[in-house]
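Report on the structure
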Amino acid sequence: MMKIAVLVSGGGTNLQALIDYEKTHSDCPYKISLVVSNTKNAYALERAKNAGIKAEIRSPFSVLGKENAEKASRDEKRIAISEAILTLCRENKIDAIVLAGYLSVLGGKIIDEYSGRIINLHPALLPKFGGVGMWGHNVHEAVLAAHEKESGCTVHLVDSGCDTGEILVQKKVPVLEGDTPDTLYARIAPKEHEAMVEGVCLLADKLGRLNSSILK
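Quick summary incoming for the structure in this document. Sequence order as written defines residue numbering, which begins from 1 separately in each chain. Residue-level local features of this predicted model are given only where pLDDT is at least 70; pairs of side-chain atoms are given and counted only at 80 or more, and the full residue set underlies all totals for whole chains, interfaces and linings. Working from all heavy atoms in the structure, the side-chain values ignore hydrogens and water.

1. A closer look at the sheet that holds strand β2 (residues 30–37)
Here is the rule: DSSP bridges decide pairing: two strands pair if at least two such bridges lie between them. Only DSSP runs of H or I covering at least 4 residues are called helices, and only runs of E covering at least 2 are called strands; the numbering of each starts at the N terminus. For every element, the axis is a line fit to its C-alpha atoms; helices are fit only across the contacting stretch, and the angle between N-to-C directions ranges from 0 to 180 degrees.
Strand order in the open sheet formed by seven strands is β3-β2-β1-β4-β5-β6-β7, and the pairing between neighbours is mixed. Edge positions in the sheet fall to β3 (55–57) and β7 (167–174), since each has one partner strand and no second. Taken pair by pair, the neighbouring strands of this sheet meet at an average axis angle of 20°, ignoring direction. Two strands pair when backbone bridges link them, and strand β1 (residues 2–8) and strand β4 (residues 96–99) are joined in this way by four bridges, in the parallel orientation. Paired with I4 across the strands is A96, a residue of β4.

Written out as structure tokens, the structure reads:
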């Protein structure tokens with residue numbers, strides 16, 4: 001059983017998809033052992049509470065303190081939060097990390113220590129429309145501006161780049177005439193939930209096979 005930490009920032013619909021799958025499938029290969037938010041008001045924290053899952057907040061203010069957080073650069077905040085999350089993952093013996101609508105970038109030691117064991121959900125068909133600034137509706141606006149015929153979502157391994165890791169799962173939807181960022185997102189969202197669960201299960205299988213080969 002792969003113990004996962006799910007990192008969130010907002011509503012947590014993809015977290016809920018993972019919770020629901022774990023609850024309804026006796027053969028589920030993962031267990032959500034920890035939820036971490038970088039914002040204190042994320043509804044995802046309530047979802048974790050309702051499911052009886054340990055939830056923590058690691059925001060710039062909670063990690064650095066108000067005065068230091070206000071002075072810190074964006075990269076300093078990211079590294080501080082990443083280090084705090086790494087400590088949590090060590091304490092809770094986490095096997096893999098899942099970024100499910102996590103609107104920050106991990107950096108530092110956590111990338112190396114959990115190499116090949118961190119996955120991210122991105123709301124576009126990578127390698128298109130990835131990189132710095134490409135999140136949420138920014139992605140859907142860029143897709144529409146480029147007159148793409150299709151879009152979708154991608155679950156990929158996280159490396160030291162931004163949306164550059166190995167692709168595990170992609171789900172596609174058509175871009176329709178008259179689409180807005182909202183209507184396109186509404187079509188992609190159910191596919192995100194499918195891709196999220198499929199990606200975590202694939203990672204569990206991948207790590208299981210790796211462990212088996214090591215034991216041999």
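2. Overview of the state of the cysteines
Here is the rule: In what follows, a disulfide is any cysteine sulfur pair within 2.5 Å. Buried means the residue's accessible area, taken with a 1.4 Å probe over protein chains only, is under 20% of the maximum for its type, while exposed means over 50%, and partly exposed covers the values in between.
The final tally for this structure, using the stated rule, is zero disulfides. Cysteine C28 is unpaired, with the sulfur of C201 as its nearest cysteine sulfur at 5.6 Å. Overall, the relative accessible area of 6% leaves C28 in the buried class. Unpaired in terms of disulfides, C89 finds its nearest cysteine sulfur in C28, a separation of 18 Å. Taking relative accessible area as the criterion, C89 reaches 0% and is therefore assigned buried.

3. Some thoughts on the nonpolar core
As a reminder, the rule being used: To form a nonpolar core, buried Ala, Val, Leu, Ile, Met, Phe, Trp, Tyr and Cys residues must be joined to one another through side-chain atoms within 4.5 Å. Residues count as neighbours in contact if any of their non-hydrogen atoms are within 4.5 Å of one another.
Within the largest apolar cluster, 41 residues are counted, with the highest numbers of intra-cluster contacts made by M2, I4, V6, L18, Y30, I32 and V200. Residue contributions to this core peak at 10 residues, all from helix α8 (residues 181–215). Excluding residues within four positions of it along the chain, M2 makes contact with P29, Y30, K31, D95, A96, V200, L203, A204 and L207. Membership of the second largest hydrophobic core comes to 19 residues, among which are V36, C89, Y114 and I118.

4. Topic: the packing of aromatic side chains
The description of an aromatic ring pair rests on the distance of the ring centres and on the angle between the ring planes. Basically, it comes down to this: Any pair of Phe, Tyr and Trp rings, taking the six-membered ring for Trp, is counted once the centres come within 6.5 Å. Such a pair is stacked with planes under 30 degrees apart, edge-to-face with planes over 60 apart, and tilted for the rest.
Overall, the coordinates contain one aromatic pair when judged by the stated rule. Consider the rings of Y21 and Y30, whose centres lie 6.2 Å apart with planes at 20°: the pair is stacked.

5. Concerning the pairing of β4
Neither face of β4 is left uncovered, since the one carrying A96 and V98 and the one carrying I97 and L99 both have all their residues buried. Pairing of β4 with strand β5 (residues 118–122) involves three bridges; the strand directions are parallel. From the neighbouring strand, I97 faces β5, where its bridge partner is I118.

6. What to know about the side chain of D163
Going by this rule: Asp and Glu are treated as the negative residues and Lys and Arg as the positive ones, with His and the ends of the chain left uncounted. In what follows, salt bridge is the name for a side-chain nitrogen of Lys or Arg lying within 4 Å of a carboxyl oxygen of Asp or Glu. Pairs of N or O atoms are called polar contacts if they sit within 3.5 Å, as long as, within protein, a hydrogen donor faces a hydrogen acceptor (for residues adjacent in sequence, only side-chain-to-side-chain pairs).
Inspection of the secondary structure assignment puts D163 in the loop between β6 (150–157) and β7. Notably, D163 is buried but unbridged: the nearest opposite-charge side chain belongs to R78, and the N-O separation is 10 Å. Reaching out from D163, the side chain makes a polar contact with the backbone nitrogen of G131 at a distance of 2.9 Å.

7. What to know about the side chain of S151
Counting through the fold element by element, S151 comes out in strand β6. Filtering out sequence-adjacent residues up to four positions away, S151 remains in contact with P123, A124, L125, V143, K171, K172, V173, V175, L184 and I188.

8. A few points about helix α7 (residues 137–145)
Put simply, the rule is: Directions from the helix axis toward the C-beta atoms define the arc.
Among the residues of α7, V139, H140, A142 and V143 are the ones counted as buried. Looking straight down α7, one finds its buried side chains confined to an arc of 160°; they lie on one side. Immediately beyond the C-terminal end of α7, within one or two residues, lies H147, with a positive phi of roughly 55°.

9. Some details on the pattern of salt bridges
Per the counting criterion, the structure on display carries 10 salt bridges. A salt bridge links E56 to R58; the shortest N-O distance between them is 3.4 Å. For E70, the salt bridge goes to K66, with nearest N and O atoms at 2.7 Å. Of this pair, E70 and K66 both sit in helix α4 (residues 66–71), four residues apart, which is roughly one turn of the helix. According to the relative accessible area criterion, K66 is exposed, its value standing at 53%.

10. A look at the environment of N138
Residue position: N138 is located in helix α7. The spatial distance from the C-alpha of N138 to the C-alpha of P181 is 8.4 Å, given a sequence separation of 43 residues.

11. Examining the packing of helix α1 (residues 13–24) against helix α2 (residues 43–50)
Geometrically, a packed helix pair is captured by the angle between its two axes and the distance between the axes. Heads up, the rule is: Each angle receives one of four descriptions, namely roughly parallel if under 35 degrees, roughly antiparallel if over 145, roughly perpendicular if within 65 to 115, and oblique otherwise. Helix crossings get a hand from a simple test, with the near helix turned counterclockwise from the far one by less than a right angle marking a left-handed crossing and a clockwise turn marking a right-handed one. Just so you know the grouping, Ala, Val, Leu, Ile, Met, Phe, Trp, Tyr, Cys and Pro go in nonpolar, Asp, Glu, Lys and Arg go in charged, and all remaining residues, Gly too, go in polar.
For the pair α1 and α2, interaxial distance at closest approach is 9 Å and the crossing angle is 15°. One element, α1, and the other, α2, form an angle in the roughly parallel class. For α1 against α2, the interelement crossing comes out right-handed. From α1, T13, L15, Q16 and I19 reach across to α2, where they touch A44, R47 and A48. For the contact of α1 with α2, the class distribution of residues is four nonpolar, two polar and one charged.

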